[in-house]
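The lines below spell out each chain.
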Amino acid sequence: MRTFNIQRPDEGLRPAIQDKIDNLNKPKGSLGRLEELAMQICMVQQTLSPSLNHPCHLLLGGDHGIEREGVSVSPREVTWQQMINFTRGGGGVNMFCRQHGFKLRIVDVGVDYDLSQVPGIISRKVAWGTGNFRYGPAMTEEQQDQALQVGIDLISECHAEGCQVLSIGEMGIGNTSPSSIWMHLLCNIPLDDCIGAGAGLNAKGIEHKRRVLHEAVELFRSAGVQEFRSADDSFAVWEALRYFGGFEMMAAIGAMLRAAELGIVVLIDGFIMTACALAACSLYPEAKSYMIFTHSGDESGHRRMLDFLGARPLLSLGLRLGEGTGALCAFPIVDSAVRMINEMNNFSNASITKYF
């Protein structure tokens with residue numbers, strides 16, 4: 001398994017950043033979260049004059065064997081149908097990327113359909129969907145490594161183009177199920193509290209989903225795959241990710257960790273991407289310094305997962321579309337924080353009495 005060299009930002013610059021923020025011509029602390037965001041981005045980039053050049057958005061697609069168990073209201077074919085729709089500019093992700101100037105990469109990491117000849121889709125397929133984790137591991141170790149590398153390589157490409165801020169979205173019917181199980185295992189929260197409606201299950205559907213996921217977790221714990229001891233055990237974390245994860249989710253984790261390694265700001269979207277961020281931070285706690293949590297959705301347990309991470313999302317709009325739309329919607333707030341520290345005048349230059 002690849003290792004990452006992720007360092008917390010050097011604290012030496014923090015006093016100078018704070019001094020610059022406090023001397024902008026405004027009451028101290030009056031721009032609230034914008035000041036916190038400006039501090040975080042300055043620390044990540046180790047500069048008093050941050051920038052958000054060449055924003056990139058990864059849309060990662062993959063299918064899940066667990067979908068065969070009826071845990072999602074949407075059928076599997078919606079994954080590939082939406083992937084093709086994205087190439088035509090017709091998705092929510094397309095609209096928001098156009099609005100905010102993000103370069104969109106649509107990537108097939110494990111869709112159960114041949115998309116290799118579709119213009120506009122980057123083919124990095126690991127397999128035609130994962131295995132059904134109700135009966136065994138979702139992927140092999142080799143497939144896990146390959147999916148992780150997809151995310152690493154994509155970020156290296158973005159970085160070479162000058163990317164300083166990244167958002168990640170997913171398209172994969174059934175991927176709230178592995179996200180719920182990761183949350184249960186990594187946060188030690190009762191599984192029932194982690195399971196929600198996904199794309200719109202009714203009460204009967206949610207109860208069925210609970211039964212299926214409980215059976216899967218019991219098999220994982222009893223089959224001698226690897227006893228899950230704690231989130232502090234990195235080998236056990238990798239095993240949990242491999243047993244239940246999706247290829248698009250593993251690629252997202254690789255992307256998040258590589259972005260942190262390269263000092264790129266990562267905007268974290270809703271439930272699925274928060275679960276991937278949880279996994280990344282369980283392996284490398286330093287990675288959280290590079291993450292901005294943008295949106296708290298309606299999926300059951302999402303708020304608890306954010307609380308576990310000590311994350312305060314910027315928005316709560318009731319979004320549950322996926323695709324990274326919450327992160328894209330929050331980008332103007334992040335941009336405002338950077339504009340604040342770069343463009344606001346200070347007390348001295350404005351000839352205003354500093355009154356604190």
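Coordinates for the structure precede this section.
The sections below set out a description of the structure shown in this document. Please read these numbers as outputs of a predicted model, since none were measured by experiment. (Residues numbered from 1 in each chain as written. Predicted model: local features only at pLDDT ≥ 70, side-chain atom pairs only at ≥ 80, totals over all residues. Heavy atoms only, no water.)

1. Things to note about the packing of aromatic side chains
Taken as a whole and judged by the stated rule, the model has seven aromatic pairs. Aromatic side chains Phe 4 and Tyr 284 sit 5.6 Å apart centroid to centroid with 80° between the ring planes, which places their arrangement in the edge-to-face category. With Phe 4 in the segment before α1 (14-22) and Tyr 284 in the loop between α10 (271-283) and β6 (291-293), this pair connects stretches of sequence that are 280 residues apart. Tyr 284 shares its class with Phe 4; the two are buried. Connected via pairs of aromatic rings, a cluster forms that spans Phe 133, Phe 220, Tyr 243 and Phe 244. Sitting above the plane of the Phe 4 ring, Arg 2 keeps its charged end 4.5 Å from the centroid. The residue whose ring lies beneath Lys 125 is Trp 128, and the NZ or CZ to ring-centre distance is 4.5 Å. (Phe/Tyr/Trp six-rings, centres within 6.5 Å; stacked < 30°, edge-to-face > 60°. Helix = DSSP H or I, 4+ residues; strand = E, 2+ residues; numbered from the N terminus. Buried < 20%, exposed > 50% of the residue type's maximum accessible area, 1.4 Å probe, protein only. Lys NZ or Arg CZ within 6 Å of the ring centre and 35° of its normal.)

2. A look at the state of the cysteines
Tallying each qualifying case throughout the model produces zero disulfides. A disulfide-free cysteine, Cys 56 has its sulfur positioned 3.8 Å from the sulfur of Cys 158, the nearest such atom. Here Cys 276 stays unpaired: no disulfide links it, and the sulfur of Cys 281, its closest cysteine neighbor, is 11 Å away. (Disulfide = S-S within 2.5 Å.)

3. What about the pairing of strand β5 (residues 265-268)?
What you see with β5 is no split at all: Val 265 and Leu 267 on one side and Val 266 and Ile 268 on the other are buried throughout. Two elements, strand β4 (residues 165-171) and β5, share three bridges in a ladder whose sense is parallel. Across the sheet, the residue bridging to Ser 167 is Leu 267, located in β5. Pairing analysis gives three bridges linking β5 to β6, with the strands arranged parallel. Residue pairing across strands places Val 266 opposite Met 291, the latter belonging to β6. Crossover handedness for the path β5 to α10 to β6: right-handed. (Pairing = 2+ DSSP bridges. Right-handed = clockwise from strand over helix to strand, strands pointing away.)

4. Some points on the nonpolar core
Within the largest apolar cluster, 120 residues are counted, with the highest numbers of intra-cluster contacts made by Ile 168, Trp 182, Phe 244, Ile 253 and Met 256. Excluding residues that lie within four positions of it along the chain, Met 256 makes contacts with Ile 168, Val 266, Ile 268, Met 273, Cys 276, Ala 277, Ala 280 and Met 291. (Core = buried A, V, L, I, M, F, W, Y, C linked by side-chain atoms within 4.5 Å. Contact = heavy atoms within 4.5 Å.)

5. A short note on the side chain of Asn 94
Summarising the element assignment, Asn 94 is placed in helix α4 (residues 92-100). Residue class for Asn 94 comes out buried when judged on its relative accessible area of 6%. Within the structure, Asn 94 has its side chain in polar contact with the backbone nitrogen of Gly 91 (distance 2.8 Å). When sequence neighbours within four positions are dropped, the list of residues in contact with Asn 94 reads Asn 85, Phe 86, Gly 89 and Leu 104. (Polar contact = N/O pair within 3.5 Å; in protein donor to acceptor, adjacent residues only side chain to side chain.)

6. Section: the pairing of β4
A large share of β4 lies buried, amounting to seven of its seven residues. Burial along β4 is two-sided: Val 165, Ser 167, Gly 169 and Met 171 and Leu 166, Ile 168 and Glu 170, pointing in opposite directions, are all buried. Of the strand pairs in this sheet, strand β1 (residues 56-62) and β4 are connected by six bridges, and their pairing is parallel. Considered in β4, the bridge of Leu 58 is made with Ile 168.

7. Description of the sheet that holds β5
Spatially, β3-β2-β1-β4-β5-β6 is the arrangement adopted by the six strands of the open sheet, whose pairing is parallel. Edge positions in the open sheet fall to β3 (121-123) and β6, since each of these has one partner strand only. Between one strand axis and the next, the sheet turns by 30° as a mean value, whatever way the strands run. Here strand β2 (residues 103-110) pairs with β3 via three bridges, running parallel. Of the residues in β3, the one forming a bridge with Val 107 is Ile 122. (Axes fitted to C-alpha atoms, helices over the stretch in contact; angles between N-to-C directions.)

8. Comments concerning the environment of Thr 325
Looking at where Thr 325 falls in the secondary structure, it is placed in helix α12 (residues 325-343). Here Thr 325 is in contact with Gly 92, Val 93, Phe 96, Asp 269 and Leu 319, once residues within four sequence places are set aside. Here the side chain of Thr 325 touches Gly 322 through a polar contact of 2.9 Å, landing on its backbone oxygen.

9. Let's talk about the pattern of salt bridges
By the definition in use, this model includes 21 salt bridges. A salt bridge links Glu 11 to Arg 14, with the nearest nitrogen and oxygen atoms 2.6 Å apart. Here Arg 14 falls in the partly exposed class, since its relative accessible area comes to 35%. Between Glu 67 and Arg 76 there is a salt bridge whose closest N-O contact spans 2.9 Å. Judged by relative accessible area, which is 13%, Glu 67 ranks as buried. Judged by its relative accessible area of 8%, Arg 76 falls in the buried class. (Salt bridge = Lys/Arg side-chain N within 4 Å of Asp/Glu carboxyl O.)

10. Comments concerning the packing of helix α2 (residues 32-45) against α12
Between α2 and α12, whose axes approach to 8 Å, the crossing angle comes to 80°. With respect to α12, the element α2 is oriented roughly perpendicular. From α2, Leu 34, Glu 35, Leu 37, Ala 38, Ile 41 and Cys 42 reach across to α12, where they touch Ile 333, Val 334, Ser 336, Ala 337, Val 338, Met 340 and Ile 341. Among the residues making up the contact of α2 with α12, the classes are represented as 11 nonpolar, one polar and one charged. (Parallel < 35°, antiparallel > 145°, perpendicular 65-115°, else oblique. Nonpolar A, V, L, I, M, F, W, Y, C, P; charged D, E, K, R; others polar.)

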